[in-house]
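Coordinates in review
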Amino acid sequence: MTMKWGSLALACGGLAMAATAYAAPPDAAMLSNACAGCHGTQGGSAGMTMPSLANQSKAAIVEAMKKFKSGERPATVMGRLAKGYTDAEFEAMGDFFSKQKFHPTSQKVDAAKAKKGADLQEANCSRCHLEDGKEGKDDSPVMASQWLPYLQLQMQMYLDGKRKMPEKMAEKVKPLSKEDLDALMHFYASVK
């Protein structure tokens, strides 16, 4: 009788190990579900200091995640979370979010600042932040309809040197005043 139970336990253990060996890895949608708590379902953020990931370029997401993982980009939570993913998983999540529908926010902005920001966008930012910031060229992020507090926080991190500003961005930002930059942030937040 003891022999039968031992054989049965051994057989069950072998089946369990075999099933685990053939289990499919998580797909991009499943990996991305972990992001919903902060970045919203399908990448549409409901938190004013969290960016929407929907419709971002794959390259922008992958680059950001790699920088969070390495510590090059400062973060409170993302640096720890990013360490749990592989580069292939970053690619899968970037691909998933890049295909999600744009999520416009509904937020209050200063109309006069947004109008001034529209002119500044066209003159300074439109070569990388395309279609009024609705598209990002290469690794440039989508700026349109991001939450104003998030945009202001990130710009301040750039200005304080806490985040490294890309060279082509620095060339355009350096001559702008703080009022100009604030107007740009109001513009991007206003885009639907």
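Bear in mind the structure is a predicted one, so any value in this text is a computation, not a measurement.

Turning our eyes to something else, we now look at the overall build of the chain. Within the chain one finds 11 helices and one strand. Seen in sequence order, the chain has helices and strands lined up from the N terminus as α-α-α-α-α-α-α-α-β-α-α-α. Looking at the chain as shown, the accessible area adds up to about 11600 Å², and 60% of this sits on carbon and sulfur atoms.

Right, let's get into the packing of aromatic side chains. If you walk through the whole model with that rule in mind, you get three aromatic pairs. Both rings, one in Tyr-85 and one in Phe-90, keep their centres 6.4 Å apart while their planes meet at 45°; by these two values the pair is tilted. Taking relative accessible area as the criterion, Tyr-85 reaches 19% and is therefore assigned buried. For the ring pair Phe-96 and Phe-97, a centre distance of 5.3 Å and an interplane angle of 75° mean the geometry is edge-to-face. Of the two residues, Phe-96 and Phe-97, neither departs from the other in class, the shared state being buried.

Tracing the backbone through its elements, the reader meets Arg-80 in helix α5 (residues 78-82). For Arg-80, a relative accessible area of 61% corresponds to the exposed category.

Attention shifts here to empty space enclosed by the protein. One pass over the structure, following the stated rule, counts one cavity of 30 Å³ or more. In this structure, the largest cavity spans a volume of roughly 50 Å³. Lining the largest cavity are Ser-52, Ala-54, Gln-56, Phe-102, His-103, Val-142, Ala-144, Ser-145 and Gln-146.

Turning our attention to the pattern of salt bridges. Here the structure, examined in full by the defined rule, presents six salt bridges. The partner of Glu-63 in a salt bridge is Lys-67, with the nearest N and O atoms 2.8 Å apart. Taken together, the residues span about one helical turn, with Glu-63 and Lys-67 both in helix α4 (residues 58-70) at a distance of four residues. By relative accessible area, Glu-63 is classed as partly exposed at 29%. Residue Lys-116 is joined to Asp-180 by a salt bridge in which the shortest nitrogen-to-oxygen separation is 2.9 Å. Of this pair, Lys-116 sits in helix α7 (residues 111-125) while Asp-180 sits in helix α11 (residues 178-190), placing them 64 residues apart in sequence. Among the residues examined, Lys-116 registers a relative accessible area of 38% and is labelled partly exposed.

To continue, consider the side chain of Ser-32. Secondary-structure assignment places Ser-32 in helix α2 (residues 28-33). Given a relative accessible area of 4%, Ser-32 falls into the buried group. One polar contact links the side chain of Ser-32 to the main-chain carbonyl oxygen of Ala-28, over a distance of 2.8 Å. Here Ser-32 is in contact with Met-93, Phe-96 and Phe-97, once residues within four sequence places are set aside.

Scoring rules and cut-offs
Residues numbered from 1 in each chain as written. Predicted model: local features only at pLDDT ≥ 70, side-chain atom pairs only at ≥ 80, totals over all residues. Heavy atoms only, no water. Helix = DSSP H or I, 4+ residues; strand = E, 2+ residues; numbered from the N terminus. Areas by Shrake-Rupley, 256 points an atom, 1.4 Å probe, with all protein chains shown as cover. Phe/Tyr/Trp six-rings, centres within 6.5 Å; stacked < 30°, edge-to-face > 60°. Buried < 20%, exposed > 50% of the residue type's maximum accessible area, 1.4 Å probe, protein only. 1 Å grid on protein atoms, 1.4 Å probe; cavity = no way out; pocket = protein on both sides within 12 Å on 5 of 7 lines; lining within 4 Å. Points joined across faces, edges and corners; volume = space filled by probe spheres on them. Salt bridge = Lys/Arg side-chain N within 4 Å of Asp/Glu carboxyl O. Polar contact = N/O pair within 3.5 Å; in protein donor to acceptor, adjacent residues only side chain to side chain. Contact = heavy atoms within 4.5 Å.

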